[in-house]
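Below are the chains, spelled out letter by letter.
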Amino acid sequence: TPELLYEFCMLYVDTKTMRVNGFPCKDPMAVNPEDFFNPAMLDQPRDTKNSKVGSNVTNINVINFPGLNTLGISLARIDYGPLGVNTPHIHPRATELLTVLEGTLYLGFVTSNPNRLFSRVVKKGDVFVFPKAMIHFQMNLAHDKPAAALSSLSSQNPGVISIANAVFGSNPPISDDVLATAFQVEKKLIDWLQSQFWENNHY
């Protein structure tokens, strides 16, 4: 990681300008304490009842917290309903350090080929790390109560690619011939999967 040239670079909202790495900087003399604050209310549980997968991810990144610009960090609170799942996904630009706030989770990640799975059950207070760009997931093991976790990520804008959504819900869709061959199933099953509503649980 290159050394910073300034103490901070407060995001300057300029919808006409696209930046590849980071955003334009606000004039340092115009920066105030509120720029470093976000009333995120991460102590408050989020609703999971309307989620098909039973989870709700609340992201705190440079998009909704300008003070994170160029600092290389972000946060996410994950709420899980009973048996709720944060489905397999990757963060293409970040390592993730997850701390269990409440409940018991089954979680893990899969390495690049030959695709070894590292998984275990974790409880309140436990910490687990997902290496950068590895497919990973979590599931609340309780049938009758919610769970929650807090994730720290090593990017101001880690990004997320939900595997099922990306494969079966892309726009335009991936050819069903390609997917039928990849999954070794009949095309009608692929067509049915592509017809489903693929929900985003990362807000």
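The shown structure was predicted, so the numbers you read here are calculated from the model rather than taken from an experiment.

Looking at the pattern of salt bridges
And then number 1: Taken as a whole and judged by the stated rule, the model has five salt bridges.
And then number 2: A salt bridge links Arg-77 to Asp-79; its shortest N-O distance comes to 2.8 Å. Side by side, Arg-77 and Asp-79 carry an identical accessibility label, which is buried.

Considerations on the environment of Ser-154
And then number 1: With respect to the secondary-structure elements, Ser-154 resides in the loop between β9 (147–153) and β10 (161–162).
And then number 2: Here Ser-154 falls in the partly exposed class, since its relative accessible area comes to 40%.
And then number 3: Through-space distance from the C-alpha of Ser-154 to that of Pro-172 is 31 Å; in sequence the pair is 18 residues apart.
And then number 4: When sequence neighbours within four positions are dropped, the list of residues in contact with Ser-154 reads Gly-72, Arg-93, Ala-94 and Thr-95.

As for the UniProt feature "binding site: Mn(2+)" (unreviewed entry) in the protein chain
And then number 1: The sites that carry the UniProt feature "binding site: Mn(2+)" (unreviewed entry) are, in the present numbering, His-89, His-91, Glu-96 and His-136. Over a stretch of 48 residues, the named residues converge on one spot in the fold, their C-alpha atoms separated by at most 11.9 Å.
And then number 2: Here His-91 is to be found in the loop between β3 (85–90) and β4 (96–102).
And then number 3: Judged by relative accessible area, His-91 falls into the buried class, the value being 8%.
And then number 4: A polar atom in the side chain of His-91 sits 3.4 Å from the side chain of His-89.
And then number 5: Inspection of the secondary structure puts Glu-96 in strand β4.
And then number 6: For Glu-96, a relative accessible area of 3% puts it in the buried group.

About the criteria used
Residues numbered from 1 in each chain as written. Predicted model: local features only at pLDDT ≥ 70, side-chain atom pairs only at ≥ 80, totals over all residues. Heavy atoms only, no water. Salt bridge = Lys/Arg side-chain N within 4 Å of Asp/Glu carboxyl O. Buried < 20%, exposed > 50% of the residue type's maximum accessible area, 1.4 Å probe, protein only. Helix = DSSP H or I, 4+ residues; strand = E, 2+ residues; numbered from the N terminus. Contact = heavy atoms within 4.5 Å. UniProt positions renumbered as here; feature names shortened; annotations may be inferred. Polar contact = N/O pair within 3.5 Å; in protein donor to acceptor, adjacent residues only side chain to side chain.

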